[in-house]
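# Structure at a glance
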Amino acid sequence: MKDLEKLLEGKREELLMIEVPEEMEDCLRNALNKRKKRIPKSAIAAAFIAVFILAYSFDSLAYYSKKIIGYDNVIYGSLKELNDEGKGQVINKSCSFSNGIEITLDGIIFDDSELVAFYKIKSTKEKLDFSKLNLFLRLDGINPMGYLQKSGHGKIIDDYNGVFITSFNAPAFYEKWMKLNLSIKIDNTAEEKEISFTLDRNKAMKKTVEKNLNTKVTVGNYEVYFEKLTASSLSSYINGKIKVLTGNTKDVFEENIAVKEAFDLPHLEFDIVTDKGEKVNFTGGNMGSSLNEISFTKNGDALPEEFNTLEIKNIRFESYKIIDKSFDVSYETKNLKVDNEIIVKEIYYDGEETCVVVSSRGLPIIGLSNGEEFMEILNFDQYKSYPESKEPIERTFRFAGKAKDMKLEFKNIVNSISTDETISIPVD
Amino acid sequence: MEVIDLVEKAKKGDKEALIQLVMQKKEEYYRLAYVYTGNKEDSLDALQNMIVILFDNIKKLRDADAFYSWSKTILVNECKRILRERKKEIPIEEKEEGGYFENYQGREMRQDITIYMKRLNIHQQEAIKLRYFLDMDYATIAKMTGTSEGTVKSRIFNGLAKLKGLIGGEY
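In this text the structure is predicted, and so the values were computed from the model without any measurement. Counting from 1, residues in each chain are numbered in the order their sequence is written. As they are written, the chains are lettered A onward and the ligands numbered 1 onward, keeping that order. Restriction of local features to residues with pLDDT of at least 70 applies here, the model being predicted, together with a cutoff of 80 or more for giving and counting side-chain atom pairs; totals for whole chains, interfaces and linings are based on all residues. As a rule here, side-chain values come from all non-hydrogen atoms in the structure, and water together with hydrogens is ignored.

As a further point, take the overall build of chain B. When helices and strands are tallied, chain B shows 10 helices and 0 strands. Think of it this way: any DSSP run of H or I at least four residues long counts as a helix, any run of E at least two long counts as a strand, and we number them from the N terminus. For chain B, the N- to C-terminal ordering of α and β elements is α-α-α-α-α-α-α-α-α-α. Note on classification: 1.4 Å probe, protein chains only; a residue is buried when its accessible area is under 20% of the maximum for its type, exposed when over 50%, partly exposed between these limits. Counting across all 171 residues of chain B, residues that qualify as buried make up 48%. Long-range contacts, defined as pairs at least 24 residues apart, comprise 62% of the intrachain contacts of chain B with a sequence gap of at least 6. Summed over all atoms, the accessible surface of chain B reaches about 8,400 Å², with 48% contributed by carbon and sulfur. Residue contacts follow a heavy-atom distance rule, with two residues in contact if any of their heavy atoms lie within 4.5 Å. Areas reported here follow the Shrake-Rupley algorithm with a probe of radius 1.4 Å; residue values treat only the protein chains shown as occluding.

See the structure below:
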């Protein structure tokens, strides 16, 4: 135990080395000066009544348009477009738990890759700490294995209400009568409820592309095998495997973890681009291990509507290194050394914009503030898919606005290894 | 200037007095926020939220001597709120990737205690961090986390025992 305490003591010493940021006092002062006056309780009550009335209007709207209502701030991209067009299947069924939590399955949108469930959580008794709510969801049908939850996110509206979406692996073609199983741990016992619904296959998003890719590319020390692309008007989904060429896959990843922070692990990135230059917006994905292979999936919005050809490009492994440094700068700043790899070559004005020229191999993630707020970066996308170069190169980041005294913050640097190889996806 | 005088001034709406109170112990405040949030931006956000809450509520503070423990409790609550907010924003996909990598922990990582601390429950982590990283006594931790000294001791005891088990070997 003494050694354990030594390790803890070591962490304490590390913490003591952390310096208080110079701007702390200014931050406190700004916060006090910008503090908003309190809103009278009567105004809150009036706003609440307004929301209440609106919510009732929305319900009737939902009945006519079949749009799943109340999720506008939770869904984006093609999912939002489809829902706006009323292409989801409205379910509107609820279940209640003994602790007063009520869950309503408002609707679903599905295709051959995934089923997205829209649900609301409401506490009818006490304030709800959503971070402690141990809710587990599973979708069941005829398939005895059920359909596992893949991903999800949501928004907590207040201490009693939240809206969420979650996606499951798509129900098999033979499924019709489904059950959403919901389990919450209450007093160390799992309480289970279910909501039954019938899949309306007419509502399923039709497949637009399904292609076996079966193509390998080599990126640095990794071999990436792209297996299959499936896409509908709801989503795109691509999967494959990663192998390490020299050495054991598991060992290489262990080594990576041993020498670096978790934040710094390499992860696979690539773009799917049409002949018109449009890219698929990836929204998620994950990696899993099996013996000597690592499997990956990436999922994103629907493919763009019009294209003749599709290509997988900019295949790369990216890793992040934390920099976390900030500097007082002006338009006269030249050759500012951030670390051994990164140099701010110069800062200059161009019209109403401020240009920051940074020399580095990897892509730096930077922010520039004018003393009050961060200035908008105008051309980050230009470098986003740009692979790391062998020698340092200069990137010019353009920010909207000008200020005499500015603060330049370096958050991370993205290092990547990439290949020039592209994969053509045949489209019928 | 004495704490009591500054508190009295702050109660009358003197913002600079309140800033001075906090800045007199800036290291303690910043490190407390950093222990919870783990980064500069969130720490400063929590501190900014804290000072606004302090300003709005300092009139209710009866005992000026209690200013520091009162304000630090508010800071801890703000840090927790920020962490909850951030948790809301993290898509589940990212968590899954983290989970995957956790399965591949190398032996060398045993030296990095913070990685193992993430396996403890949130209360145990909190108690151990406050006790060992910030050198707080049991009574202060109990006050700050709204629990009893006995509970704090048991969280630390159980947390350390679990850590020992996780690290294994000579630890």
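So, about helix α4 (residues 40-57) of chain B. Residues spaced three or four apart along an α-helix face the same direction, because each turn holds 3.6 residues. Residues and elements named next belong to chain B. By definition here, a helix of n residues has an expected span of 1.5 Å times n minus one. Compared with the 26 Å implied by 1.5 Å per residue over 18 residues, the 26 Å span of α4 between its first and last C-alpha is a close match. Listed as buried for α4 are Lys40, Asp42, Ser43, Leu44, Ala46, Leu47, Met50, Ile51, Val52, Leu54, Phe55 and Asn57. Polar contacts, as used here, are pairs of N or O atoms within 3.5 Å; protein pairs need one atom able to donate a hydrogen and one able to accept it. Residues neighboring in sequence count only if both atoms are side-chain atoms. A side-chain oxygen of the first residue of α4 lies 3.2 Å from the backbone nitrogen of glutamate 41; this N-cap is asparagine 39.

Residue and element names in this part refer to chain B. With 12 residues, helix α3 (residues 26-37) extends 16 Å from end C-alpha to end C-alpha; this agrees with the ideal 16 Å at 1.5 Å per step. Among the 12 residues that make up α3, 9 are buried, leaving the element largely enclosed by the rest of the structure. Along α3, the positions that sit buried rather than exposed are Tyr29, Tyr30, Arg31, Leu32, Ala33, Tyr34, Val35, Tyr36 and Thr37. Once α3 finishes, glycine 38 follows within two positions and takes phi at roughly 80°, a positive value.

Quick look at the packing of aromatic side chains now. Only centres within 6.5 Å qualify two rings of Phe, Tyr or Trp (six-membered ring in Trp) as a pair; their planes then separate them into stacked at under 30 degrees, edge-to-face at over 60, and tilted for everything else. Under the counting rule described, the total for this entry stands at 14 aromatic pairs over all chains. Arranged with centres 5.4 Å apart and planes meeting at 80°, the rings of phenylalanine 270 of chain A and phenylalanine 282 of chain A form a pair that is edge-to-face. Of this pair, phenylalanine 270 of chain A sits in strand β12 (residues 267-274) while phenylalanine 282 of chain A sits in strand β13 (residues 282-290); the two residues are 12 residues apart in sequence, bridging distant segments of the chain. Given a relative accessible area of 1%, phenylalanine 270 of chain A falls into the buried group. Among the aromatic residues, those joined into a cluster by ring pairs are Phe226, Phe270, Phe282 and Phe296 of chain A. Think of it as a cone above the ring: NZ of Lys or CZ of Arg counts as a charge over the ring if it is within 6 Å of the ring centre and within 35 degrees of the ring normal. Over the ring of phenylalanine 55 of chain B we find lysine 15 of chain B; its NZ or CZ atom is 5.9 Å from the centre of that ring.

Looking now at the sheet that holds strand β1 (residues 89-96) of chain A. Residues and elements named next belong to chain A. Each pair of strands is called paired provided DSSP finds at least two bridges between the two strands. The strand order β1-β2-β3-β6-β5 describes an open sheet built from 5 strands, whose pairing is antiparallel. Two strands close off the open sheet at either side, each with one partner strand: β1 and β5 (149-156). Between one strand axis and the next, the sheet turns through 20° on average, direction left out of account. A fitted line through C-alpha atoms serves as each axis, taken over the contacting stretch for helices, and the angle formed by two N-to-C directions is quoted from 0 to 180°.

As a further point, take the packing of helix α2 (residues 24-34) of chain A against helix α2 (residues 15-23) of chain B. Geometry of a packed helix pair, given as the angle between the helix axes and the separation of the axes. With their axes 10 Å apart at the nearest point, α2 of chain A and α2 of chain B run at an angle of 145° to one another. Regarding α2 of chain A and α2 of chain B, the two cross each other, and that crossing is right-handed. Side by side, α2 of chain A and α2 of chain B meet where Met24, Glu25, Leu28, Arg29, Leu32 and Asn33 of chain A of the first sit next to Lys15, Glu16, Leu18, Ile19, Val22 and Met23 of chain B of the second. Of the residues that constitute the contact of α2 of chain A with α2 of chain B, the class distribution is 7 nonpolar, 1 polar and 4 charged. It is the rotation of the near helix from the far one that decides the hand of a crossing: anticlockwise by less than a right angle makes it left-handed, clockwise makes it right-handed. Lys, Arg, Asp and Glu make up the charged group, whereas Ala, Val, Leu, Ile, Met, Phe, Trp, Tyr, Cys and Pro make up the nonpolar group; the residues left over, Gly among them, are polar.

Together, Glu81, Glu278, Glu305 and Glu306 of chain A make up a negatively charged patch on the protein surface. Locating glutamate 305 of chain A in the fold gives a position in the loop between β14 (293-300) and β15 (310-329). By definition, no residue in a patch forms a salt bridge, and every one has over 30% relative accessible area; like charges are joined within 9 Å, nonpolar side chains (Val, Leu, Ile, Met, Phe, Trp, Tyr) within 5 Å. The rule for a salt bridge is simple: a side-chain nitrogen of Lys or Arg has to be within 4 Å of a carboxyl oxygen of Asp or Glu. Just so you know, the count uses Lys and Arg for positive and Asp and Glu for negative, and it drops His and the chain ends. Note that the charge is assigned to NZ on lysines, CZ on arginines, CG on aspartates and CD on glutamates.

Quick look at the side chain of serine 360 of chain A now. All names here are of chain A. Looking at the secondary structure, you find serine 360 in strand β18 (residues 353-360). Exposure remark for serine 360: the relative accessible area of 0% places this residue in the buried category. At 2.7 Å, the side chain of serine 360 forms a polar contact with the backbone oxygen of glycine 362. Residues within four places of serine 360 in sequence aside, it is in contact with Glu341, Ile342, Pro392, Ile393, Arg395 and Ile413.

In this section: the confidence of the model for chain A. Residues and elements named next belong to chain A. Looking at chain A as a whole, the pLDDT averages 79, with 84% of positions reaching at least 70. Of the regions scoring below 50 in pLDDT, residues 37-65 engages in 7 contacts with residues more than four places distant in sequence or in other chains. Scored below 50 in pLDDT, residues 255-264 makes 16 contacts in the model with residues more than four places away or belonging to other chains. On a scale of 0 to 100, pLDDT captures the predictor's confidence in every residue.

With that out of the way, let us pick up the pattern of salt bridges. All names here are of chain A. Applying the stated criterion across every chain, the model contains 23 salt bridges over all chains. Note that lysine 407 and glutamate 23 form a salt bridge whose closest N and O atoms lie 3.8 Å from each other. Of this pair, lysine 407 sits in strand β21 (residues 406-418) while glutamate 23 sits in the loop between α1 (2-17) and α2, and the two are 384 residues apart along the sequence. Neither residue differs from the other here; lysine 407 and glutamate 23 are each classed as buried. Across the pair arginine 316 and aspartate 271 runs a salt bridge whose closest N-O atoms are separated by 3.9 Å.

Once that is clear, we can look at the nonpolar core. Among the nonpolar cores identified, the biggest contains 62 residues, and Met24 of chain A together with Leu18 and Phe67 of chain B are the most heavily contacted of them. Sort the elements by how many residues they give to this core and α4 of chain B lands first, with 8 residues. What leucine 18 of chain B contacts, discounting residues up to four positions off in sequence, is Leu32 of chain A together with Ala10, Ile51, Leu54, Phe55, Ile58 and Phe67 of chain B. What is meant by a nonpolar core is a set of buried Ala, Val, Leu, Ile, Met, Phe, Trp, Tyr and Cys residues, joined one to another through side-chain atoms within 4.5 Å. Within the second largest apolar cluster, 32 residues are counted, among which are Cys95, Leu115, Phe130 and Phe164 of chain A.

Glancing now at unusual backbone geometry. Notably, asparagine 314 of chain A is not glycine yet its phi reads approximately 50°, a positive angle. You can see asparagine 314 of chain A is positioned in strand β15. Phi at aspartate 135 of chain B is positive, roughly 60°, even though this residue is not glycine. Its relative accessible area of 46% is what places aspartate 135 of chain B among the partly exposed residues.

Moving on, we get to the pairing of strand β17 (residues 343-350) of chain A. Residue and element names in this part refer to chain A. With 3 bridges connecting them, strand β16 (residues 334-337) and β17 associate as antiparallel partners. Bridge pairing links lysine 334 to glutamate 346 in β17. Between the antiparallel neighbours β16 and β17 lie 5 residues. Two elements, β17 and β18, share 7 bridges in a ladder whose sense is antiparallel. Paired with glutamate 346 across the strands is valine 357, a residue of β18. A loop of 2 residues connects β17 with β18, the two strands running antiparallel in sequence, and glycine 351 in this loop sits at a positive phi of about 65°.

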